Amino acid sequence: DVNAPPMQVKGPVEFQSAMNAFNDMQARIQRFITDRTTMLAAISHDLRAPLTRLRLRGEFVEDVEQQKKLFRDVDEMQAMVNSALSFFRDDGIQEAITRFNLSEMVNTVLDDFRDAGENVSYHGLLNEVYVGRPLSLRRAITNVIDNAIKYGGSVSVSMRATHSDVVIVVDDEGDGIPSELHETVFRPFFRNEPSRSRKTGGIGLGLSAARSTVRGHGGDILLVNRQPRGLSVHVMLPRTEMPLPGQNA
Ligand code: ADP
């Protein structure tokens, strides 16, 4: 947790210098994380303009092959910048809470992926109305589905509800995530080894941002390995008539 205060160790006086060193190291790590986060936010923001210009200049490249390669690189960089920005822009508290059709919203996400040539199926509820922050949730669900496509190949999304919760399940048929990493992958900047070597344009913020949004709705994201292969990501959202933090009652 980036925002957690550093842990302070206290104990017998004879351990004081070791404990001071430990506390000092904790504080340094904390500062390092904060600095890195602030810096990344600034860089990502500032990279947007030159990337847009680069894309425009690309229009004038005459060699079609070269142009294609250039656009691919720009797209990859833009995906990274967007994923970083969507993390820092997660101003869920500011977004107003509204009543909206969650099934429709999820299906607009799927339509965007289909427009981009991806094959994703949907089954389950078609008219589930939910009270929450639609844009933040849309971003969170997009991140989860984007991962399933990047790392999982064939993707199927479903939605079901009980009287108390709505659950969106995103199933894929990729390599999954070893269960000992099921918590770790939610840490900011963490990428599992095989993903780092892939050209997926991720920087390890998607899941962390998605979980913080979903937790902000009183829910959670859980990972379950599928048999014989693949990952199930369960996005659980409580259905509540109680005001959420930041909601005007
Ligand atoms: P990013 O996709 O930018 O690397 P995320 O925070 O979205 O970052 O995901 C963290 C890591 O979790 C990924 O790098 C990947 O290793 C792993 N991961 C996420 N989703 C899946 C999935 N559906 N199947 C396999 N691995 C996944």
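This one's a predicted model, so the numbers in the text were calculated from it and none came from an experiment. Think of each chain on its own: its residues are numbered from 1, step by step along the sequence as written. A pLDDT threshold of at least 70 governs which residues receive local features in this predicted model, and a stricter bar of 80 or more applies before side-chain atom pairs are shown or counted, although totals over entire chains, interfaces and linings include all residues. To obtain the side-chain values, all non-hydrogen atoms of the structure were included, while hydrogens and water were left out.

Engineer: Teacher, can you tell me more about the overall build of the protein here?
Structural biologist: Think of it this way: any DSSP run of H or I at least four residues long counts as a helix, any run of E at least two long counts as a strand, and we number them from the N terminus. In terms of helices and strands, the protein carries six helices and seven strands. For the protein, the sequential pattern of α-helices and β-strands runs α-α-β-α-β-β-α-β-β-α-α-β-β. The 249 residues of the protein split such that 39% are buried. Note on contacts: a residue pair is in contact if any heavy atoms of the two residues lie within 4.5 Å. Summarising the internal contacts of the protein: among those between residues at least 6 apart in sequence, 66% fall at separations of at least 24. Accessibility throughout is a Shrake-Rupley quantity obtained with a 1.4 Å probe, and a residue counts as covered only by protein chains that appear here. Carbon and sulfur atoms make up 56% of the accessible area of the protein, which totals about 14700 Å². Exposure is judged per residue with a 1.4 Å probe applied to protein chains only, and the accessible area is read against the type maximum: over 50% gives exposed, under 20% gives buried, and values in between give partly exposed.

Engineer: Explain the sheet that holds strand 7 (residues 231-238) to me, please; I cannot follow it from the model alone.
Structural biologist: By way of backbone hydrogen bonds, the strands of a sheet pair with one another, either parallel or antiparallel. Within the open sheet, the five strands sit side by side as 2-4-5-7-6. Their pairing is mixed. In the strand order of this sheet, the two ends are held by strand 2 (120-124) and strand 6 (220-225), each with one partner. For this sheet the average axis-to-axis angle between neighbouring strands, irrespective of direction, equals 20°. Every angle, taken between N-to-C directions, lies between 0 and 180 degrees, and every axis is a line fitted to C-alpha atoms, over only the stretch in contact when it is a helix. The sheet strands contacting helix 3 (residues 102-115) are strand 2, strand 4 (155-161), strand 5 (165-171) and strand 7, and the helix crosses strand 2 at an angle near 165°. Its contacts with the sheet place helix 6 (residues 206-216) against strand 6 and strand 7, and it is angled at close to 125° to strand 6. If DSSP finds at least two bridges between two strands, the strands pair.

Engineer: Explain the nonpolar core here, please?
Structural biologist: General note: in soluble globular proteins, nonpolar side chains tend to be found buried as a group. The nonpolar core is taken to be a set of buried Ala, Val, Leu, Ile, Met, Phe, Trp, Tyr and Cys residues, with the residues joined through side-chain atoms within 4.5 Å. Counting residues in each nonpolar core, the largest one holds 36 residues, and the members touching the most others are Leu102, Ile145, Val157 and Ile168. Taken together, the elements giving at least two residues each to this core come down to helix 3, strand 2, helix 4 (134-152), strand 4, strand 5, helix 6, strand 6 and strand 7. Considering every element that reaches this core, the biggest residue donor is helix 4, with seven residues. Contact partners of Ile168, with chain neighbours within four places excluded, come to Leu102, Val106, Ile141, Val157, Ser158, Met159, Val233, His234, Val235 and Leu237.

Engineer: Is there a simple way to explain helix 4 in this structure?
Structural biologist: Turn by turn, an α-helix covers 3.6 residues, leaving residues three or four places apart pointing in a common direction. For helix 4, with 19 residues, the first-to-last C-alpha span of 26 Å sits near the 27 Å given by 1.5 Å per residue. Every buried residue belonging to helix 4 is among Pro134, Ser136, Leu137, Ala140, Ile141, Asn143, Val144, Ile145, Asn147, Ala148, Ile149 and Gly152, and all of these are buried. Remark: Gly153 follows helix 4 within two positions and exhibits a positive phi of approximately 75°. Residue count minus one, scaled by 1.5 Å, sets the expected span of a helix.

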